[in-house]
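Examining the three-dimensional arrangement
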Amino acid sequence: MALKTYKIQSFFGIDQSSDENNISPSCSPDAVNMSTDGGRLSVAKGYEKYIADPVPGSDRIRYMTCFRSANDDCLPVVAAGDNYYCYSGGQWNLIHTIVNPANTLYFESEMLKIGDTDYLVISDGRNQLIKFDGETVTSFGSAESCSDVPVSYLAMYRNRLFSAGDRRNPNRLYYSVLPGGGRTLEDWGPVAASPSVEGGHVEVGSVGGDPIIALHATSNQLLIFKKHSVYRLIGDRPSNFTIEKIDTNYQSTQHKVIASYGDTVFFLTADGLYYYNGVNARPNPDHSMIRNIMKDAKLSSSHLVIIKDKLYFSLKCSGVDKLVVYDLTEHKYMLHDGFPITWIMDIAGELMIVNTNRYIYRFGVGTSYDGVPIEAHWSTPLTDLGSKAEIKALRSLMLRGSGGTVKVTASIGKRTLNYFYRLPKSRSEVVELPLSDEGRCFSLTLSNSGGSSFELEGGIEILFSSRMRTV
């Protein structure tokens, strides 16, 4: 019998959109903690401590943001329980305690310039906004300026601060004055001398069961996400503000899972990733690639951030934390797990993760999860090679790579066989790994052993022979 070759030219991403027999061999229906950058297959990087000291106390971490100073320093700010802490001067410092605590708070923040000072302004939906100048926390706004309203959601659009999430007025959208001439973003009231720069509010929709749940600004419009609908506001002054409902099959989202890539807005729903293209909100064209991952996902504790050309979002699937990475240029998904996730965010252009140990970690560095070995695997699609009648007999696996030990699990017919191989140090050596057994369908799973790292390049080739059943 002549030998045949099954080739996987390069490695791409996860694809759960179709029957495995129909997906590209370059994709995997099941891959965890792997990287396919440049078409190579390697064990993904882990994470290391960004700050040596854990967040103080034992209360649940409820929010994480950072104060960005004029010299581009990022000071992490964390809400834990009823307290806010900031890491500065080499230590965590208590900067504020919530006046009216509650079990459910909806935090959000914006960096604003008020007068000549940069402030981090934070909302929680129950209390008056607060502002932090890098050293001291004070109250934002006042009753006289109509800006003491406890709101949850914040966005800067056309140089005005917009806010929503007033529990007493769930459809109300507030907007500040246009700063200048002694006016600041803390003024939300009328300006009799110049109505075009004044602040105020407007009702968005009238249905009580459709409250505003998020705000997000692009360069030319403000998106207003509601529980069951999406609106947009265009215009640059109250006299020409226009609010219109977007015609969309909208799947509800939440304020923690919305981010922009250029002027395209991405947001997470129970169905997967959606995007807003300036006119309509639609499912991301490849959202079905992670259909199985999203099937049991819970979004209540999810977060989404975009850093450079990567979109990251966290999920809880069957009680297990997972991190999905979507490459916005190559349009591929990868999955990471094996570590708890409390919060994710962007600090200085890097992904940071806070976990149940209360440490802030820099993601994508190191070869372990802060000392915990990484368990990684990549499964090829289960295929009959388009010929269900043929019996395939696996002979060998050929690959090029370097690193530690690679575990090869061959699933063929009703049997599963494990092989362990130590990869050479040279990238130029082609290694031929013997395989055995036969069946009509087969798949391989490549995984690391004992947390080791490896990298395969140039794809892989599987040699096999085939025959028709004779009896």
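Right, let's walk through the structure included here. In this text the structure is predicted, and so the values were computed from the model without any measurement.

Cut-offs applied
Residues numbered from 1 in each chain as written. Predicted model: local features only at pLDDT ≥ 70, side-chain atom pairs only at ≥ 80, totals over all residues. Heavy atoms only, no water. Helix = DSSP H or I, 4+ residues; strand = E, 2+ residues; numbered from the N terminus. Buried < 20%, exposed > 50% of the residue type's maximum accessible area, 1.4 Å probe, protein only. Contact = heavy atoms within 4.5 Å. Areas by Shrake-Rupley, 256 points an atom, 1.4 Å probe, with all protein chains shown as cover. Lys, Arg positive; Asp, Glu negative; His and termini not counted. Charge placed at Lys NZ, Arg CZ, Asp CG, Glu CD. Pairing = 2+ DSSP bridges. Axes fitted to C-alpha atoms, helices over the stretch in contact; angles between N-to-C directions. Phe/Tyr/Trp six-rings, centres within 6.5 Å; stacked < 30°, edge-to-face > 60°. Lys NZ or Arg CZ within 6 Å of the ring centre and 35° of its normal. Core = buried A, V, L, I, M, F, W, Y, C linked by side-chain atoms within 4.5 Å. Salt bridge = Lys/Arg side-chain N within 4 Å of Asp/Glu carboxyl O.

Before going further, it helps to examine the overall build of the protein. Scanning the protein for helices and strands turns up 1 helix and 43 strands. Here the C-alpha coordinates of the protein stretch approximately 95 × 50 × 35 Å along the principal axes. Split into buried and exposed, the 471 residues of the protein put 54% on the buried side. Intrachain contacts of the protein at a sequence separation of at least 6 include 58% that bridge at least 24 residues. When the accessible surface of the protein is totalled, it reaches about 20500 Å², and 46% of it is carbon and sulfur. Across the protein, the 47 positively charged side chains and the 51 negatively charged ones have centroids separated by 7 Å.

This paragraph deals with the sheet that holds strand β6 (residues 61-68). Ordered by their spatial adjacency, 4 strands build an open sheet running β6-β7-β8-β9, and the pairing between neighbours is antiparallel. The open sheet has two free edges, formed respectively by β6 and β9 (91-97), since each of these has just one partner strand. Mean inter-strand twist for the sheet, computed between neighbouring axes without regard to direction, equals 25°. Here 6 bridges tie strand β8 (residues 83-88) to β9, and the two strands are oriented antiparallel to one another. What sits directly across from C86, in β9, is N93.

As a further point, take the sheet that holds strand β19 (residues 222-226). Taking strand neighbours across the sheet as the criterion, the 4 strands line up as β18-β19-β20-β21 in an open arrangement whose pairing is antiparallel. At either margin of the open sheet sits one strand with a lone partner, and together these are β18 (212-217) and β21 (242-245). Shown here is a sheet whose adjacent strand axes are inclined to one another by a mean of 20°, direction ignored.

For the structure shown, the criterion picks out 27 aromatic pairs. Centre to centre, the rings of F11 and W378 are 5.6 Å apart; their planes meet at 90°, and the pair counts as edge-to-face. Here the residue F11 occupies a position in the loop between β1 (4-8) and β2 (30-32), and W378 occupies one in strand β36 (residues 377-379), the gap between them amounting to 367 residues. On the basis of relative accessibility, which here comes to 2%, the residue F11 falls in the buried class. Assessed through its relative accessible area of 0%, W378 is described here as buried. When the centroid spacing of 6.1 Å and the interplanar angle of 50° are considered together, the rings of Y359 and Y361 count as tilted. On the basis of relative accessibility, which here comes to 1%, the residue Y361 falls in the buried class. Three or more aromatic residues joined by ring pairs form one cluster here, namely Y47, F339, Y359, Y361, F363 and Y369. Of note, K131 hangs over the ring of Y119, and the distance from its end group to the ring centre comes to 4.8 Å.

What follows covers the environment of L154. Here L154 shows up in strand β14 (residues 153-157). A sequence separation of 30 residues divides L154 from T184, and the C-alpha atoms of the two residues are 16 Å apart. In this view, L154 contacts E108, S109, E110, V121, S123, L129, L161, F162, S163 and L215; residues no more than four positions away in its chain are not counted.

This paragraph deals with the nonpolar core. One finds F313, L315 and L397 to be the most contacted residues of the largest nonpolar core, which totals 71 residues. With sequence-adjacent residues up to four places away left out, F313 is seen in contact with L268, L273, I290, M294, H303, L304, K322, L323, V324 and I344. I51, Y87, W92 and L105 belong to the second-largest nonpolar core, a separate cluster that totals 34 residues.

On to the pattern of salt bridges, then. Overall, the coordinates contain 18 salt bridges when judged by the stated rule. The residue R40 makes a salt bridge to E455 at a minimum N-O spacing of 3.7 Å. Taken as a pair, R40 in the loop between β3 (34-35) and β4 (41-43) and E455 in strand β43 (residues 454-468) lie far apart in primary sequence, 415 residues in all. You can call E455 partly exposed: its relative accessible area is 27%. Put simply, K131 and E186 hold a salt bridge, and the shortest N to O gap is 3.0 Å.

Tracing the chain through its elements places S152 in the loop between β13 (137-139) and β14. When its relative accessible area of 3% is taken as the criterion, S152 is described as buried.

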